[in-house]
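# Fold and geometry: a report
Next come the chains, spelled out residue by residue.
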Amino acid sequence: MNHVIIGNSFAALFAVEAIRRTDQDAEITVISREPQHVYSRAMIHEMLAGMVREPMVYLRDWDFYKRMRVRTMLGRTVTRINPGLHTVSTGEDETPYDRLLIATGGKPFVPPLNGLQDVAYHSFITLEDAKKLKAACEGRRNAVVLGAGLIGLQCAEALRHMGLDVAVVEMADTVLPMALDTESSQTIAKELADEGIAVHTGDTIDLIISSDGHPTECKLRSGGTIPCDLLVIAVGVRPNIDLAKDAGITTDRGIVVNEHMETSAEHIYAAGDCAQGPEIVTGITMPIPVIPVASTQGMIAGYNMAGKRRRYGGALALNAMQFGGVQVISYGFVKDERDGEVLKYVDPPRKIYRKVIIKNGRITGAIFVKDVDRAGIFRHLMEKRIDVTPFKEHLLSPHFGVAHLPAEIRADMFTRPQ
Amino acid sequence: MEYYEEPNARVALGLRRPEPGDWYHGYPEYHVERDDDKCIRCLVCVRQCPYDCTFYDPYRHGVYNVHENCVNCRRCEFMCPTSAIRMTKWGAGFRDNDNWKQKTIRTVYKQADSGAVSLTGLGNDREYVSYFDRMVIDASQVTNPSIDPLREPMELRAYIGKKPERHTNPPEVYPNLKAELPVIFAPMSFGAISFNFQRGLAMAAKEAGTYFNTGEGGLHPDLRQYGDHAIVQIASGRFGVSLDYLSNAAACEIKIGQGAKPGIGGHLPGEKVTWDVSRTRMIPEGSDALSPAPQHDIYSIEDLRLLIYGLKEATEYTRPVSVKIAAVHNVAAIASGIVRAGADIVVVDGFRGGTGAAPAVIRDHVGIPVEVALAQVDQRLREEGIRHQASLIAAGGIRSSADVIKGLALGADAFYIGTAAMVAVGCTACQQCHRGRCSWGITTNRPDLAPRLQPEVAAERLTNLLHGWAHEIKEMLGMMGLNSIESLRGNRLKLRGVGMTQVELDTLGIQQAGL
Amino acid sequence: MKRVYPREERCINCHLCEVACIVEHSETKLPSAAYHVEGLRFNREDSRTICDPAEARAAGVPKPLNRTLVQTAGYLSLSTNCRHCEEPDCVLACKNGSLYVAEDGRVLVQEDKCVGCWMCVMACRYGAISRNPARSNVPAVAFNGINHHCDLCPERELPACVWVCPTNALVFEDRDDQ
């Protein structure tokens, strides 16, 4: 069996491992636009700030491809997929496949801004971006990051750590508008302010003033002007679905896949940030661009490609982050409180905040700020669709743990191998 | 970190003023010494103490004690991973006075405070004469060679029940208990003791080929499988008695009296009647299980005969019926009546016998030692020629294999061990059984305390104890030149008294040492 | 593979498993030293070791961390630790590949690679992963601590928690066939 994987990040990595675990003789080819060894995009801000040594960015040892007997085509861009011919084309040559996995991830979205065409600006997605940005930081004083999503804030924090004055501009009213609810994002905004990062929410850049192709200042819609000699655009990431679209594969916001990670085309699978698979709380398909989902989808795709039928019940949106001294872990839909029962625990002096949203006895969203011990149990409750009504009053207790769960669930978790 | 907010801890911390009623606590009996250098603040002792004695103070990051509450159960000492704890007596205590002893004064304080009967657990702890300790055993020298039990067979098996009067062909056979050694676990009811302990007793009885006694609390459904090794009790409360209960067992026992509290019935407080206990005893959950003082259908020997034969009918004469009485004055005459009423086994329970809860005044002052009762009963039954009609079980105060040997020589067929069995599984004899929060999980069914004793651990330790005793009994029989317990039974020549008056020697039917 | 399984009906909530765990993973393997001295070797920003317990408490130095955790609710208690899953959620979530499944099936962490990003804490559905703040590979303020979970005591035949449990409420056995 000849497996071809487009992409070289979490989904591709776990697909390779799953294929190799199932089929010792399969041929595996990994084609990636990026020339690097398999690395983590979630580490690039730490890399930028110089917090970590470069080897810590790479997900596996240097001999990973050799151990897995993977043929690598790194630094090569796939231009076309031919589902009829069972080949992928890189422009120069055609690579045949029996099974194909599209794990192309996301691509940055750049909004139209006045004056953007005249200046050098930075994205912050890949290791290459980070290295370029690091080089560009030399001698700069005032950085402006457009977008207060996870990437934008991590970039801002890294730049601040490097000693730059950083301003973050966000169109929405809060930071991390997609991931957090109001209370938690206020806590994060305060942490950022304490770190010396200026956050402008409910605002956007109207005009970028430049000289010699370098930005000098940004005019905001609210009327103010902020100095800027380094501009990072981190507004968002869109699923990278161009290849699939061109090949006639069904796409929506992402490449639509079923619970076996199969696309509409035969023998073509998709996983990771580019895929749009079933979600577990709502049951509908949506792209969920987080690492655990990408890894799991990749693994499931890998098993199915190698002939071991595996089903993925559905992904749960979940995230963990830390800004300043505050950690946040969130599960599911933390902003959607409609028709739901909302349980809250707030302890402002200690910055502790916990919220659980329950609909029809099932948890649909949970968020934990600062006190995050054993939060993972909520993932289990949500993924297994466990009715939490019998022990609802304990959910927010700082001592909540497996002992509060019904006996049969506890037995399922702790008396058999997992 | 949890803060253990016990009322007395708050007093000790100065967070609460002492209230009237706290004051007699001002004289601690024991002192919990904690080596602060060794203490790692793991709080194991805090979690293990069921008597509200140990607490953690987060402000000082230290573990402290309300010494007044310490009962010297030594659980914390046992569990401490760094051996940082030890118990000592608290100071000088009250002024030395052999009449007004520490304990006497404390009891008066306590009763003046509460106006209630002073309850206690375990057995009589007073300094009465122990006749067991004043009897010594004979050994063979030269003329009558001793036997080596490792080289020659030694018979410890005891058949307990009615024996035929004379040999006939075919022989008359009566239902008997067959114990591989003459030691049986004493009646301890589920409710008074934990389920785990009773299960341990059952497992050990099965393993060692002897019997356990359910006490008056019924037989838990999970222990039904051990029915072949169970003696089931019918007490004045009739808890848990059903036809299945009777016919599933090896023997039935009518409880008339208990050595620790002759003349009064058992009392299990409602809070100890958990769902499991209520199901086993067939009483509502949470209700007090109060046994009447007498069996209200037995006001005479004739009434007793009715019940004995009622049980024999119910079990179709396939099981021996036992009658248990406390050792009191005139015990010999009472036992004679019981045998004539048709009992196959008579159990005589001495005043050292234990209890789950009894008024201290009764436990300490009522009844007589089992040694004299045993000697008198055996003597009387022999004189009346009815000794073969019933076996004699001695209970209450059997502490070692030496007591077993001495008791055999005084005429007993077998022995009940209760306190010894509890000590074998960890009891430290702290006498708090009546409080229902035994720190060793023996006399409690509180769900956090009961798992401290695990049935198989208990069973293993009990089996070990029986095995050790059996070995010692064999050694002692061998040294007397005997090869079976049958040869020792009632053989009072093997005993001599030390430091007794002639009346005492005559009562026991033995001679002065040296003669 | 052999794993540690709790038997909650036997647990007496004494927390000796936690003590044994801390002692086993200490340098001296002596309880007093493990708690009083080694717990204070704290890799703070100024890289100073605090040796005075009072000062350590004032500075908020954490007490030594156990990898097994007794969880309680009312009378119920059970000791929980890493399940060493076959397809561990934490490995799938690990941000930089520092968690891995070893050849013998144990889920382990590369202690010099972990950046303390909380992804594994988020992913572990058993709540079995905690953070060891005494070590850090990222010297910045924002990121401290590394993944801390059961390693099944590589130096022992029987994990320390199982060995110490006074009521055999923890068992170390292979239930893969069940």
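It should be emphasised that the depicted structure is a prediction, and the values quoted were computed from it without experimental measurement. (Residues numbered from 1 in each chain as written. Chains lettered and ligands numbered in written order. Predicted model: local features only at pLDDT ≥ 70, side-chain atom pairs only at ≥ 80, totals over all residues. Heavy atoms only, no water.)

### So, the interface of chain C and chain B
- Counting from both sides, the interface comprises 18 residues of chain C and, opposite them, 23 residues of chain B.
- Overall, the association of chain C and chain B removes approximately 1,800 Å² of surface from exposure, summing both partners, and the carbon and sulfur fraction of that is 62%.
- There are 1 salt bridge connecting chain C and chain B.
- Two residues, Arg 10 of chain C and Glu 456 of chain B, come together in a salt bridge whose shortest N-O distance is 2.5 Å.
- Connecting chain C to chain B are 3 residue pairs in polar contact (both at pLDDT 80 or more).
- Per element, the largest residue contribution to the side of chain C that touches chain B is 4 residues, and it comes from helix α2 (residues 31-36) of chain C.
- The residue makeup of the side of chain C that touches chain B, split by class, is 9 nonpolar, 5 polar and 4 charged. (Contact = heavy atoms within 4.5 Å. Buried area = accessible area lost by both parts, 1.4 Å probe. Salt bridge = Lys/Arg side-chain N within 4 Å of Asp/Glu carboxyl O. Polar contact = N/O pair within 3.5 Å; in protein donor to acceptor, adjacent residues only side chain to side chain. Helix = DSSP H or I, 4+ residues; strand = E, 2+ residues; numbered from the N terminus. Nonpolar A, V, L, I, M, F, W, Y, C, P; charged D, E, K, R; others polar.)

### Examining the domain arrangement of chain B
All names here are of chain B.
- Split by domain assignment, chain B resolves into domain 1 (7-91) and domain 2 (132-512).
- Just the C-alpha atoms count here: the centres of domain 1 and domain 2 sit 38 Å apart.
- With 11 residues of domain 1 at the contact, the number on the domain 2 side is 10 residues.
- Between domain 1 and domain 2, the buried area comes to about 960 Å², and carbon and sulfur atoms account for 53% of it.
- On the domain 1 side of the contact with domain 2, Pro 50, Tyr 51 and Arg 75 bury the most area, a combined 55% of that side's loss.
- Its salt-bridge partner being Arg 437, residue Asp 52 comes within 3.7 Å of it at the nearest N-O pair.
- Inspection of the region where domain 1 meets domain 2 yields 5 residue pairs in polar contact (both at pLDDT 80 or more). (Domains from an automatic or database assignment.)

### Let's talk about empty space enclosed by the protein
Residues and elements named next belong to chain C.
- This model, assessed by the stated rule, comprises 10 cavities of 30 Å³ or more.
- Put simply, the largest cavity is a space of about 120 Å³.
- What lines the largest cavity is a set of 18 residues, and nearest its centre among them are Cys 11, Cys 17, Ser 79, Cys 165 and Ala 169.
- Breaking the lining of the largest cavity down by element, the ones donating at least two residues are α1 (16-24) and β3 (76-80).
- A class-by-class count of the residues in the lining of the largest cavity yields 12 nonpolar, 4 polar and 2 charged. (1 Å grid on protein atoms, 1.4 Å probe; cavity = no way out; pocket = protein on both sides within 12 Å on 5 of 7 lines; lining within 4 Å. Points joined across faces, edges and corners; volume = space filled by probe spheres on them.)

### Focus: the environment of Gly 191 of chain B
- Along the chain, the position of Gly 191 of chain B falls in the loop between β9 (183-185) and α5 (195-208).
- Among all residues touching Gly 191 of chain B, those that are not within four sequence positions of it are Leu 268, Lys 272, Val 277, Arg 281 and Asn 445 of chain B.

### Looking at the nonpolar core
- Formed by 163 residues in total, the largest nonpolar core has its most connected members in Leu 159, Tyr 331, Leu 381 and Leu 395 of chain A.
- Per-element tally for this core: the top contributor is helix α1 (residues 10-22) of chain A, with 9 residues.
- Aside from chain neighbours lying at most four places away, what touches Leu 381 of chain A is Ile 363, Ile 386, Val 388, Phe 391, Leu 395, Phe 400 and Leu 405 of chain A.
- Formed by 124 residues, the second largest nonpolar core is a distinct cluster that contains Phe 132, Ala 420, Val 425 and Cys 433 of chain B. (Core = buried A, V, L, I, M, F, W, Y, C linked by side-chain atoms within 4.5 Å. Buried < 20%, exposed > 50% of the residue type's maximum accessible area, 1.4 Å probe, protein only.)

### So, the interface of chain C and chain A
- Counting from both sides, the interface comprises 47 residues of chain C and, opposite them, 51 residues of chain A.
- Summed over both partners, the interface of chain C with chain A buries about 4,200 Å², with 59% contributed by carbon and sulfur atoms.
- Contact with chain A buries surface across chain C, with Leu 92, Met 122 and Arg 125 of chain C losing the most and accounting together for 19% of the total.
- Taken together, the links from chain C to chain A amount to 5 salt bridges.
- Linking Arg 310 of chain A and Glu 87 of chain C is a salt bridge whose minimum nitrogen-to-oxygen distance equals 2.8 Å.
- At the boundary of chain C with chain A, the tally comes to 18 residue pairs in polar contact (both at pLDDT 80 or more).

### Digging into unusual backbone geometry
- With an omega of -5°, the peptide bond between Asn 169 of chain B and Pro 170 of chain B qualifies as cis.
- For Pro 170 of chain B, the location among the structural elements is in the loop between β7 (158-161) and β8 (176-179).
- Even without glycine at this site, Leu 176 of chain A takes up a positive phi of about 45°.
- Along the chain, Leu 176 of chain A turns up in the loop between β10 (165-170) and α6 (182-194).
- Looking at Leu 176 of chain A, the relative accessible area reads 2%, which means it is buried.
- Phi angles above zero are rare outside glycine, and Leu 43 of chain B is one such case at about 70°.
- In this fold, Leu 43 of chain B is placed in the loop between β1 (30-34) and α2 (44-48).

### With respect to the confidence of the model for chain B
- Mean pLDDT over chain B stands at 90; residues scoring 70 or higher make up 95%.
- When the criterion is pLDDT under 50, residues 1-7 of chain B qualifies, and its contacts beyond four places in sequence or with other chains add up to 17 contacts. (pLDDT = per-residue confidence, 0-100.)

### Quick notes on the domain arrangement of chain A
Residues and elements named next belong to chain A.
- If you check the domain split of chain A, you get domain 1 (2-107 + 238-305), domain 2 (116-235) and domain 3 (325-414).
- If you average the C-alpha positions of domain 2 and of domain 3, the two centres end up 33 Å apart.
- Every contact between the two is made by 9 residues of domain 2 and, on the other side, 12 residues of domain 3.
- Where domain 2 abuts domain 3, roughly 890 Å² becomes buried across the two surfaces, and 58% of that area is made up of carbon and sulfur atoms.
- Across the contact surface, domain 2 and domain 3 share 3 salt bridges.
- One salt bridge in this structure joins Glu 183 and Lys 344, with 2.7 Å as the shortest N-O distance.
- At the junction of domain 2 and domain 3, the tally comes to 7 residue pairs in polar contact (both at pLDDT 80 or more).
- Tallied by class, the residues present in the side of domain 2 that touches domain 3 amount to 4 nonpolar, 2 polar and 3 charged.

### A few points about the packing of aromatic side chains
- The tally for this structure, following the rule as stated, stands at 15 aromatic pairs over all chains.
- Relative to Phe 351 of chain B, the ring of Tyr 128 of chain B has its centre 5.1 Å away and its plane inclined at 55°; by these criteria the two rings are tilted. With Tyr 128 of chain B in the loop between β5 (119-120) and β6 (135-137) and Phe 351 of chain B in the loop between β16 (345-349) and β17 (358-359), this pair connects stretches of sequence that are 223 residues apart.
- Its relative accessible area of 33% is what places Tyr 128 of chain B among the partly exposed residues.
- Exposure remark for Phe 351 of chain B: the relative accessible area of 4% places this residue in the buried category.
- Here the aromatic residues Tyr 331, Phe 368, Phe 378, Phe 391 and Phe 400 of chain A are joined through ring pairs into a cluster of three or more.
- Between the NZ or CZ atom of Arg 281 of chain B and the centre of the ring of Phe 239 of chain B, over which it lies, the distance is 5.2 Å.
- The ring of Tyr 5 of chain C has Arg 175 of chain C lying over it, and the distance from NZ or CZ to the ring centre is 4.2 Å. (Phe/Tyr/Trp six-rings, centres within 6.5 Å; stacked < 30°, edge-to-face > 60°. Lys NZ or Arg CZ within 6 Å of the ring centre and 35° of its normal.)

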